[in-house]
Amino acid sequence: MRELKKILLWMLVVSMVVVFSMVGCKPAAGEEAVVEEEVAEVAEEEVAPAVEGTLKIWHYEADNAMSASWDSAMEEFKAMYPNVTVEFELKTFEQMQETAKMVLSSNDVPDVMECNKGSATAGLYAAEGLLTDLTDEAEARGWDEILGSSFQTTSRYDENGTMGLGNLYGITNYGEFVMVYYNKDMFEEYGVEVPTSLEEFEAVADTFVAEGIVPLTLGGLDKWPLGHNWYEMVLYNVDRDFITNFQTLQGDIDFQGAAFTLGAEKFAEHATKGYYGTNANGIGYDDANAAFVQGQVPMNITGSWMYGGFLTQIEDFEWGIFIMPGKDFNTGSGGNLWVVPQNAKNKDLAMEFINLTLGKSAQTIMANAGGIPINADLTQITDPKVLDLNEAFNNIVQNDGLAYYPDWPVPGYMDTLGASLQELIAGTMTPAEFNDAIAIPYNDYKASIE
Amino acid sequence: MDNKSIIFNRMVKSLSLFAIIVLLLIMLLPFALIMINSFKTEAEYYVSGPFSLPKSFNLDTLKGVWNMMDFSIKLRNSIIISLSTALLAIAISLFTAFALGIGKVKGKFFFIVFFLLAMVLPQEVLVFPLYYLFKLLGLYNTQFSLILTIAVLYSSFGTYLLSSVFSVFTRETIEAAEIDGCNKLQLLFRIVVPVSMPSLSVLFVFFFIWSWNEFFMPLIFLISNNKQTIPIAMALARGEYGETVTSQAAAALLGIIPCIIFFVLFQRTLTKGITLGSIK
Amino acid sequence: MVHKAYSTNTKTTTLNTGSSLKKGYLIFLIPGVLLFLLIIVFPLLANIGLSFTKWSGVGTPVWVGFDNYMKAIGDSIFWTSFKNNLLLVIVITTIPTLIGLLLAGFLFEYIATKFGRGTTNFFRAGFYLPQIVPVVVAGIVWRWILQPNWGVLNWSLKAVGLGMLTRSWLGDASTALPSIMMMMIWFQIGYPLVIFMAALQRVDPVVYEAAALDGASWFQRFFYITIRLIRPEIFVVVVTTIIFALKTFGQVYVMTGGGPGNATIVASYFSYQNFFSRSRVGYGATIATVLTIIIILVAIGFIRMQIKQEQES
């Protein structure tokens, strides 16, 4: 009895603590401060107080250009529909990878959700009837024109889930690509310049290694970052057909061919030469980025999604970006997609929200926050850093150089590819063994959908 | 014993005492480290290292992590789920053990073994069909589905324990009660429950702590952020509050503190209970 | 009440209490059994059924017979995962149990007699503390300690001049699984300790005194008498620890994700990967079924041995 009383007393105490801390009105994670200028603009037009209901939004971007842009879009939405409750949940990328399918096939779905692009994710969900067909809506609202042909590839999926064909199931509102972030101060200190070829890049890295500095930071513990570094090496030997075939699981992909062989060999070689230090597999992605931000490591090969974050976090040194030099293709694509689950209850409101994220206001905010919008007037942007980023991306797009991402074709490829990459970088697999290992899940999946 | 072996004995004993103290310190070191490093600033950590005491009681990191994680909500969820699971599990165990331990239904042994196997099952083997079932019932992503599942799993252990505890009640006692005009429900609640209260409290504490620590089921069944429990929130911790040394320590500390509170409050019950369960 | 029972004893023997006793109680069994069937039996059977299909999780499963099992036999990752589980079982069952045994003996015999109850309890609580934390949080704490750049372990090694011993503990295939084992040993020590200390309390001290008088050293007394006397508890600890090690999941999820490569992958995690990220529900079900069979065999073995022991005593 004494124990029971103790338990009850403790419950009382804790519930009081909980209640007080909730009443202390801390904002829910993800809701940023109101962006007042934009809201004022919208409030003058298009307010629809008669519309009621709820809008559930899920995404997994935080503290970057996308989250800033979408936060503002949410504020615009709230101003337009004052009687609609906006329920926003901040997820994580890993969480969505693992549970997206379960969520989408249940009844407790969000109305609009950020979704990874590619046959193994959006394609799979579309093929299984879990996503709303957005083709008509896109035409009516002019989204298809905003996307243009280059970004429609990642939005279209057919009844087999093959990317690039079929109807529109997702809408992106930004672009992304992988590049090399570099510490200008450290480059100057050690007398190296931005490389213009792979050989020069290796020379730069060798210089740092010789000085006892780890040239490249890498979050191998989380597996997926490894994919970007390796894929950049693969791209030195590919053409457009190869990329299309690889993504759509068509044709004959030779995993021991020139592209993959160079990719694996170069990646392994770089690891052996010490470009990634000895701890790459033991550090998470966040820690790896932190090392770059703190000025410990001169280069960081990762995506444009970090650009906005770096803009605010890096205070101690000058930094810039360059593309891995000497090749025609670059890891990159249209950004993650907004999808509307088939079971969503408030599809109209979802469409309105998507429209707002593509609108000039939200897109301009994305640019200013260090992102790559697809519908902003860049002549209005004066920040040179933002212009750098967008210029680099536009160059790639204009040269038809977007090569997408390597984990898209097969469900769970991120895990298996990542695990094999960990072994490659640790030297426990030779490049040839690696290429065999990553061929298996790919060919298995390809066989299973035929 | 001669002098030499007495001295040798003493030396061995003192050495062992020393060794045990050292071992204890090592065991507790991770906790201590997490604690002191949650109150430092990042810069302090890099300059003075993990073992230095914090210069000041800097609560910023903890506050920041608490907010980023919506810790109040996760705490509330953990409490609600653990409480409900423990109560439901005890209720189920009580009824089932009542039938088996006192009613001495035929096949008691078979039942108990059967139930006990449920405790040892790896949860992955149940999760996909359960997901489907709950989806059909419209219960996916609700705390109720989680509570129900876990309570049933735990009740197998509760049944096992209680039926052996109930064997205390002899046939005579039960029959006497019935002659006195007790029906079964009265027998259960007026006699059996009060007498076995110590075991019930032990079970309650156990079930509460076990469900607090559950990871796999909540990971799959609770999708919405505002339904998740503390272990899930810890595991998914990424992004800003996962980036620095001190914020990672702070996040871990938040996960540990409730458990330590439980432990301090219920230490005696816990140790009593662990041994109870091990001997039939 | 008892008096009444006595006085009416003769009358009760004539009552047909046999079947009515059981009938009335059957109703109390129903909720438990129903829930048990719903939540445990049917899903278990469904999972076994799924293991014979190929399914992505949505749409209809396709029957493939023993294909998945054949695939598992030929899948090196499958074997690696169970091998890792086996290694975990061996290490986590022996080391903490042994340490727990020695600690229990020492605490019980020496500390308790010399320093009293309070101190003993203090030590016991301290060693048990890791057990009260969710295993996931313990994993997070250790991941923090083992971080290669700023983590406590490497920092300490460097600080005492052993810098050459620093490693990427979780990133190096040769130290990843041992690191997880270290964490699990740390986590697990308290459990056997508490159980053995309680067990020692029921050992009659007269036995020890007799042995001491006979000239047996502490060591001999411990190994020949103590261990034999608390055999049932040792048994329980071993079996429950084996099952705990077979079910390893959260630690791997939070510390290494199965990596580097597949160095730390375990059956639970491998099954989870197939279920949820690789959309190979049938194959995931196969792995889970195999794991379940192994665990059930261990549990049944335990129950049988316990019955045998009880019959012996």
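Shown above is the structure to which this text applies.
Calculation criteria
- Residues numbered from 1 in each chain as written.
- Chains lettered and ligands numbered in written order.
- Predicted model: local features only at pLDDT ≥ 70, side-chain atom pairs only at ≥ 80, totals over all residues.
- Helix = DSSP H or I, 4+ residues; strand = E, 2+ residues; numbered from the N terminus.
- Buried ≥ 20, exposed ≤ 12 C-beta atoms within 10 Å, placed from the backbone.
- Contact = placed C-beta atoms within 7 Å.
- Rg over C-alpha atoms; globule rule 2.2 N^0.38 Å.
- Pairing = 2+ DSSP bridges.
- Axes fitted to C-alpha atoms, helices over the stretch in contact; angles between N-to-C directions.
- Nonpolar A, V, L, I, M, F, W, Y, C, P; charged D, E, K, R; others polar.
- Parallel < 35°, antiparallel > 145°, perpendicular 65-115°, else oblique.
- Core = buried A, V, L, I, M, F, W, Y, C linked by C-beta atoms within 7 Å.

The subject of this paragraph is the overall build of chain B. Looking only at helices and strands, chain B has 13 helices and zero strands in total. Starting at the N terminus and walking to the C terminus, you meet the elements of chain B as α-α-α-α-α-α-α-α-α-α-α-α-α. Taking the principal axes of the C-alpha coordinates as reference, chain B spans close to 75 × 75 × 35 Å. The burial tally for chain B puts 52% of its 280 residues in the buried class. For chain B, restricting intrachain contacts to residue pairs at least 6 apart in sequence, the fraction spanning at least 24 positions comes to 81%.

Regarding its fold elements, chain C presents 15 helices and two strands. Over its C-alpha atoms chain C spans a radius of gyration of 26 Å, topping by over 25% the 20 Å that the globule rule assigns to 313 residues. The dimensions of chain C, computed from C-alpha atoms along their principal axes, are 75 × 60 × 30 Å. Taking all 313 residues of chain C together, 46% fall into the buried category. For chain C, contacts bridging at least 24 residues in sequence account for 68% of all contacts bridging at least 6.

All names here are of chain A. Ordered by their spatial adjacency, five strands build an open sheet running E2-E1-E3-E12-E6, and the pairing between neighbours is mixed. Each end of this open sheet is capped by a strand with a single partner; those strands are strand E2 (84-90) and strand E6 (171-172). Of the strands in this sheet, strand E1 (53-59) and E2 are in contact with helix H3 (residues 65-80), which crosses E2 at around 165°.

Attention now goes to the pairing of strand E7 (residues 175-183) of chain A. Residues and elements named next belong to chain A. With nine of nine residues buried, E7 lies mostly within the body of the structure. Bridge analysis of E7 against strand E11 (residues 332-334) gives three bridges, and the strand direction is antiparallel. Bridged to phenylalanine 177 within E11 is glycine 332. Here E7 pairs with strand E9 (residues 299-303) via five bridges, running antiparallel. The residue of E9 that forms the bridge with tyrosine 182 is methionine 299. As defined by bridge partners, E7 adjoins strand E10 (residues 319-322) across four bridges and the pair is classed as antiparallel. Paired with valine 180 across the strands is phenylalanine 322, a residue of E10.

What follows covers the interface of chain C and chain A. Every contact between the two is made by 23 residues of chain C and, on the other side, 28 residues of chain A. Among the residues making up the side of chain C that touches chain A, the classes are represented as seven nonpolar, 14 polar and two charged.

What follows deals with the environment of A:Leu168. All names here are of chain A. For leucine 168, the position within the fold is in strand E5 (residues 167-168). Its 23 C-beta neighbours within 10 Å are what place leucine 168 among the buried residues. As a C-alpha pair, leucine 168 and serine 155 span 13 residues in sequence and 5.3 Å in three-dimensional space. Apart from the residues lying within four places of it in its own chain, the contact partners of leucine 168 are Leu134, Thr135, Ala138, Ser155 and Arg156.

Taken together, the contact pairs 77 residues of chain C with 70 residues of chain B. When residues in the side of chain C that touches chain B are grouped by element, the largest group, 20 residues, is from helix H3 (residues 17-50) of chain C.

Time to look at unusual backbone geometry. For the bond from C:Gly259 to C:Pro260, the omega torsion is -5°, close enough to zero to count as cis. One can find C:Pro260 in the loop between helix H13 (250-255) and helix H14 (267-276). A positive phi angle, close to 55°, is found at A:Asp63, a residue other than glycine. Relative to the helices and strands, A:Asp63 resides in the loop between E1 and H3. The backbone of C:Ser279 sits at a positive phi, close to 50°, despite the residue not being glycine. Examined against the element boundaries, C:Ser279 turns out to sit in the loop between H14 and helix H15 (281-312).

Further remarks concern the packing of helix H18 (residues 413-426) of chain A against helix H19 (residues 431-448) of chain A. Residue and element names in this part refer to chain A. Axis separation between H18 and H19 bottoms out at 10 Å; the angle between their running directions is 170°. Judged by the angle between their axes, H18 and H19 are roughly antiparallel. Along the contact surface, H18 presents Tyr413, Thr416, Leu417, Ser420 and Leu424, while H19 presents Pro431, Phe434, Ala437, Ile438 and Pro441. Residues that form the contact of H18 with H19 fall into these classes: eight nonpolar, two polar and no charged.

What follows covers the nonpolar core. Core analysis: the largest hydrophobic core is formed by 290 residues, its most contacted members being A:Phe353, A:Met366 and B:Ala252. Ranked by the residues each element gives to this core, the list is headed by helix H4 (residues 71-102) of chain B, at 16 residues. Discounting chain neighbours no more than four positions away, the residues touching A:Phe353 are A:Leu55, A:Ile57, A:Ala73, A:Phe77 and A:Val112. With 22 residues, the next largest nonpolar core counts C:Phe127, C:Val194, C:Met197 and C:Ala199 among its residues.

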